[in-house]
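Summary of structural features
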Amino acid sequence: MIETAGLTKTYGRRRAVDRLTFRVQPGRVTGFLGPNGAGKSTTIRLLLGLDAPTHGRALIDGRPYRELDHPLRQVGALLDANAVHVGRRARDHLRWLAQTNDIPRGRVTEVLRLTGLAEAGHRRVGGFSLGMKQRLGIAAALLGDPAVLIFDEPVNGLDPDGVHWIRGLIRSLAAEGRTVLISSHLMSEMQLTADHLLILARGRLLSDSGMAELVGTGDILVRTAGDTPLAALLTARGATVSPQPGQALAVTGLDPGEIAAVAATHGIALIELTPRAPSLEEVFRRITDPELQYRAEPHPEDAR
Amino acid sequence: MTRSSLIAAEWTKLRSVRSTPSILAVATVATIGIAVLQAHTTVRSWDGWGPRARAEFDPVFSTFSGFQLAQLAFGLLGVLAVTAEYGTGTIRATFTATPRRGRVLAAKLLVVGTVALVAGEVLAFTSFFTGQFVLAGKHLDVGLGDPNVLRAVLGQGFYVATVTILGAAIGTLLRHTAGATALTTGLLFLATTVLKAVSPDDSTTLTHWAPGVAAEGLTWTTFHDPEWPTAGFGLFVCLTYLAVTVAAAAWSLIRRDV
């Protein structure tokens, strides 16, 4: 299990990570989602003891990473796939890693096979494509057969086959009861892979919830002809309304019948009324960009 | 994790990149080639030398001038052992595998230092024997049993290891290949000139602290230039450089974020 409490990292005056408190549970895939610069990579570096936190704690199975005796046997991490010496053969890269943590030599061959690099092990990493380097990074993460896995942007640079492969791998690692944390800024990928989501923006944790409860309810797209007071009217009825391009509104909190009734009462013509399947992208935009959102609290002028 | 596992890992790292054999090849060609050339030139022109030049001739020191070039190669070996990890990002894998950074540095310095010491001694003895073999043509050679000779040959190999560890420590402090190479080279070649420029006339107090001058103190045999320190002081200077730079490297490595 991964656990942080009040985790904070400041660089100069900038807070890259701001009082993060969360737990990553075993047996499911936890997605770490946020725009570039949200603090995902910094958090991962703090988890791995590469950077020291300014305040707070980051624990792996109850202990700070820097106190682990054989860290590769407890935590496997994929950071930047390009962070490998290009002049070294893939097998030698894995061999020295294995040696540091007293992992048997045979495991190197095993993880090379597991990641589809059995034939490429003797080649120097400089000749690898980004996808192959990504596989090598995953091979390194799996080397110690760890119970905790942390993958930073694991689908980067993979071709469609590779993406399919890693999705399956991540799902099966979680199904085996391991703790799996994957970071990404790709929402469609997250929606397919993660069971639970931590949403991060500007270093702060904005949401910590299951995928189903997060995107569970969709919304209704309402389009009217020309400018109408419909948004205010629906908000007054307790709906949450956010404007969409092309005179449209995304509405939650009322069903299509109720929306139609409000429109009819006020003589507003609807040209579209479409219930939409939930989209993580929408949810994410709503959570990370509060300015886009009209709050449900009625404004004084709406109350009249 | 045990110390021997870390040493094994650092050994794998060092021998699995191409720069290591290339650097050692350059050092081999430079030292042995120049020893033979230098000795050959001396033998050929000896009859034309004046009494002063003959008095100042040192059969060991003069055939070791290839180490001037080789020390650059060894300094680079030390620098690259560290900065190549920062440059490629491998350092993050290194510290996630072994969060106790002091142990990583100790293992790395031990491995690269041992390789440099063994290579340095092999090159020193090989250069010595080939150089003396050529000098024997004019009966100018000395043997290992002659005064100061064994100390000079061992001292040359030791100096090579010192330079290598110095490079690795500076690499750890600066983290960039270009900067660390420039500083290491500057220390090896320019320190003598700079210290001489800031010294009062005829004072050797400061110049004895230039690594290059310390090396001269370690490797003379039959002729001792009055500007050189004693071998004992040369050794002391080398050990001081090692202690200070390695301590600074360890301090910075443990405290800074990667």
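**Quick word on the interface of chain B and chain A**
- Listed per partner, the contact involves 23 residues of chain B and 32 residues of chain A.
- Those elements that place two or more of their residues in the side of chain B that touches chain A are α1 (3–15), α4 (66–88) and α5 (90–97) of chain B.

**Focus: the sheet that holds strand β10 (residues 219–224) of chain A**
Residues and elements named next belong to chain A.
- Taking strand neighbours across the sheet as the criterion, the four strands line up as β11-β12-β10-β13 in an open arrangement whose pairing is antiparallel. The open sheet has two free edges, formed respectively by β11 (240–244) and β13 (270–276), since each of these has just one partner strand. Each strand of the sheet is rotated relative to its neighbour by a mean of 20°, with strand direction disregarded.
- Examined bridge by bridge, β10 and strand β12 (residues 248–252) share four bridges and lie antiparallel to one another. When the bridges of β12 are listed, Leu221 appears paired with Ala250.
- Strands β10, β12 and β13 of the sheet are contacted by helix α10 (residues 256–265), whose axis makes an angle of about 160° with β13.

**Some words on the environment of Val160 of chain B**
Residues and elements named next belong to chain B.
- Relative to the assigned elements, Val160 resides in helix α7 (residues 149–174).
- The class for Val160 is buried, based on 27 C-beta atoms found within 10 Å.
- Other than its neighbours up to four places away in sequence, Val160 contacts Phe67, Ala70, Gln71, Phe74, Ala116 and Gly120.

**Re the pairing of β10 of chain A**
- Sheet topology note: the β10 of chain A/β13 of chain A ladder contains six bridges and is antiparallel. By the bridge assignment, Thr224 of chain A is partnered in β13 of chain A with Leu270 of chain A.

**Digging into helix α11 (residues 231–255) of chain B**
All names here are of chain B.
- Compared with the 36 Å implied by 1.5 Å per residue over 25 residues, the 36 Å span of α11 between its first and last C-alpha is a close match.
- Considered for burial, the residues of α11 that qualify are Gly234, Val237, Cys238, Thr245, Ala249 and Leu253.
- Where α11 is buried, its residues touch α6 (101–135), α7 and α10 (211–219).

**What about the confidence of the model for chain A?**
- Of all residues in chain A, 95% have pLDDT values of 70 or greater, and the mean over the chain is 90.
- Per-residue pLDDT stays below 50 along residues 291–304 of chain A; that stretch engages in 20 contacts with residues further than four places along the chain or on separate chains.

**Overview of the domain arrangement of chain A**
All names here are of chain A.
- Once the domains are mapped, chain A shows domain 1 (2–211) and domain 2 (216–303).
- Measuring from the centre of the C-alpha atoms in domain 1 to the corresponding centre in domain 2 gives 39 Å.
- If you look at the interface, domain 1 gives nine residues, while domain 2 gives five residues.
- The element that contributes the greatest number of residues to the side of domain 1 that touches domain 2 is helix α7 (residues 187–193), accounting for three residues.
- Of the residues belonging to the side of domain 1 that touches domain 2, the class tally is seven nonpolar, two polar and no charged.

**A few points about the nonpolar core**
- Counting residues in each nonpolar core, the largest one holds 141 residues, and the members touching the most others are Ala139 and Leu143 of chain A.
- Considering each element in turn, this core owes the most residues, 14 residues, to α6 of chain B.
- Mapped onto the domain boundaries, this core takes at least three residues apiece from domain 1 (2–211) and domain 2 (216–303) of chain A.
- Filtering out sequence-adjacent residues up to four positions away, Ala139 of chain A remains in contact with Leu94, Val111, Leu112, Leu114, Thr115 and Leu117 of chain A.
- Residues Leu230, Leu234, Leu249 and Val251 of chain A belong to the second largest nonpolar core, which totals ten residues.

Rules of the game
Residue positions within a chain follow its written sequence, with the count starting from 1. As they are written, the chains are lettered A onward and the ligands numbered 1 onward, keeping that order. In keeping with the model being predicted, local features are shown solely for residues with a pLDDT of at least 70 and side-chain atom pairs are shown and tallied solely at 80 or more, while totals for entire chains, interfaces and linings include all residues. Any pair of residues counts as being in contact when their C-beta atoms, constructed from backbone geometry, are within 7 Å of one another. Put simply, DSSP H or I for four residues or longer makes a helix, DSSP E for two residues or longer makes a strand, and each gets a number counted from the N terminus. Strands pair, by our definition, only if DSSP identifies at least two bridges between them. To obtain an axis, a line is fitted to C-alpha atoms, over the contacting stretch when the element is a helix, and the angle between two such axes runs from 0 to 180 degrees between their N-to-C directions. The exposure scheme places C-beta atoms from the backbone and then counts, for each residue, the other C-beta atoms within 10 Å of its own, assigning buried at 20 or more, exposed at 12 or fewer, and partly exposed in between. Helix span, expected: 1.5 Å multiplied by one less than the number of residues in the helix. pLDDT gives the predictor's per-residue confidence on a scale running from 0 to 100. Residue ranges assigned to the domains are those given by an automatic or database domain assignment. Each residue is assigned to one class: nonpolar for Ala, Val, Leu, Ile, Met, Phe, Trp, Tyr, Cys and Pro, charged for Asp, Glu, Lys and Arg, and polar for all the others, Gly among them. Working definition: the nonpolar core is a set of buried Ala, Val, Leu, Ile, Met, Phe, Trp, Tyr and Cys residues, joined through C-beta atoms within 7 Å.

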